[in-house]
Amino acid sequence: DNYAAVLRHYGNVCFVLERYDEGIGQIKKEIEIRSVNEDAKLADARLNLAEFYKQQGEFDQAIEQIKLSEKILAHYYQPTDSELIACRLNLGVTYYYANDQKGSLEILQTQFVSIDEISFTAEEDIRALYIYGLLLSQSGNKTLAIQALEKAKTLWESIDNADHE
């Protein structure tokens, strides 16, 4: 477990330095070690690998890693738990970046059932809500698109205001 943690940190440093191929190698080694136990640490390692793939524009590989992570997380969390929701939003956003608007919209729709009840503050989640609004607009659902975009704007402003206090 300690060696896997070292590999993760090494990979993260590679990410910051934009040495993505080297980082992918480190994270793949971490995944190999963690594969003995299908737990949240393995799911996190797969999500980490997906981020490397996204940086390289390898969205299909990123989607595959996110799906594998989601499958693992589903054994530990309920669909309404933040860990699983964040994973699903990540998947929806990645489909969007892969130019699969239909796939993205299908996933995001299941996560944003009631826009009024959304209260998260993670930038990635707000970005997903923004993308959802764009997709709704493109699909012709202007009313819901405006609700989603206004909610995303409000959430961004609340984060921005908190940063300046």
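Residues numbered from 1 in each chain as written. Predicted model: local features only at pLDDT ≥ 70, side-chain atom pairs only at ≥ 80, totals over all residues. Heavy atoms only, no water.

### A look at a nonpolar patch on the surface
Convention followed: The patches described consist of residues with a relative accessible area above 30% and no salt bridge, like charges being joined within 9 Å and nonpolar side chains (Val, Leu, Ile, Met, Phe, Trp, Tyr) within 5 Å. Methods summary: accessible areas were calculated by the Shrake-Rupley approach with a probe of 1.4 Å, and residue burial reflects only the protein chains presented. A side-chain nitrogen of Lys or Arg and a carboxyl oxygen of Asp or Glu constitute a salt bridge if their distance falls within 4 Å. A run of H or I in DSSP counts as a helix once it spans at least four residues, and a run of E counts as a strand once it spans at least two, with each numbered from the N terminus. Type-normalised accessible area, obtained with a 1.4 Å probe on protein chains alone, sets the label of each residue: buried when under 20%, exposed when over 50%, and partly exposed for intermediate values.
On the surface, Tyr3, Val6 and Ile33 cluster together to form a nonpolar patch covering roughly 280 Å² of accessible area. Relative to the elements of secondary structure, isoleucine 33 occurs in helix H2 (residues 20-34). Given the relative accessible area of 30%, isoleucine 33 is considered partly exposed.

### Some words on helix H6 (residues 101-111)
To keep it simple, the criterion reads: Only heavy atoms matter for contacts: two residues are in contact if any of them lie within 4.5 Å across the pair.
Every buried residue of H6 is listed here: Gly103, Ser104, Leu105, Ile107 and Leu108. Taken together, the buried residues of H6 touch helix H5 (82-97) and helix H7 (123-138).

### Comments concerning the packing of helix H3 (residues 40-55) against H5
We apply this condition: As a rule, the C-alpha atoms of each element are fitted with a line to give its axis, helices using only the stretch in contact, and angles between N-to-C directions run from 0 to 180 degrees. Throughout, the term roughly parallel applies to angles under 35 degrees, roughly antiparallel to angles over 145, roughly perpendicular to angles from 65 to 115, and oblique to all others. Crossings are sorted by hand: turned counterclockwise from the far helix by less than a right angle, the near helix makes the crossing left-handed, and turned clockwise it makes it right-handed.
H5 packs onto H3 with a crossing angle of 20° between their chain directions and a minimal axis gap of 12 Å. By the criterion of interaxial angle, the relationship of H3 to H5 is roughly parallel. Crossing angle aside, the handedness with which H3 passes H5 is left-handed. Where H3 approaches H5, its residues Leu47, Glu51 and Lys54 are matched on the opposing element by Cys87, Asn90 and Thr94.

### Overview of the pattern of salt bridges
One pass over the structure, following the stated rule, counts seven salt bridges. Arginine 19 is the salt-bridge partner of glutamate 22, the closest N and O atoms lying 2.7 Å from each other. Between glutamate 70 and arginine 88 there is a salt bridge; the shortest N-O distance is 2.9 Å. On the criterion of sequence distance, the pair formed by glutamate 70 in helix H4 (residues 59-73) and arginine 88 in helix H5 is long-range, its members being 18 residues apart. With respect to burial, glutamate 70 and arginine 88 carry one shared label: buried.

### What to know about helix H1 (residues 2-16)
The criterion, for reference: Under the convention used throughout, the expected extent of a helix is 1.5 Å for every residue step, that is, one less than its residue count.
Taking 1.5 Å of rise per residue, 15 residues should cover 21 Å, and H1 covers 21 Å from first to last C-alpha, within 8% of that figure. In this structure, the buried side of H1 is in contact with H2 and H3. Remark: glutamate 18 follows H1 within two positions and exhibits a positive phi of approximately 60°.

### Let's talk about the packing of H1 against H3
Threshold: Any residue outside Ala, Val, Leu, Ile, Met, Phe, Trp, Tyr, Cys, Pro, Asp, Glu, Lys and Arg is labelled polar, Gly included; the first ten of those are nonpolar and the last four are charged.
Packing of H1 against H3 leaves a shortest axis separation of 11 Å and a crossing angle of 20°. Between H1 and H3, the angle is such that the two are roughly parallel. Crossing of H1 over H3 shows left-handed handedness. Taken together, the residues of H3 that come into contact with H1 (itself represented by Arg8, Gly11, Asn12 and Phe15) are Lys41, Asp44, Ala45, Asn48, Glu51, Phe52 and Gln55. Residues that form the contact of H1 with H3 fall into these classes: three nonpolar, four polar and four charged.

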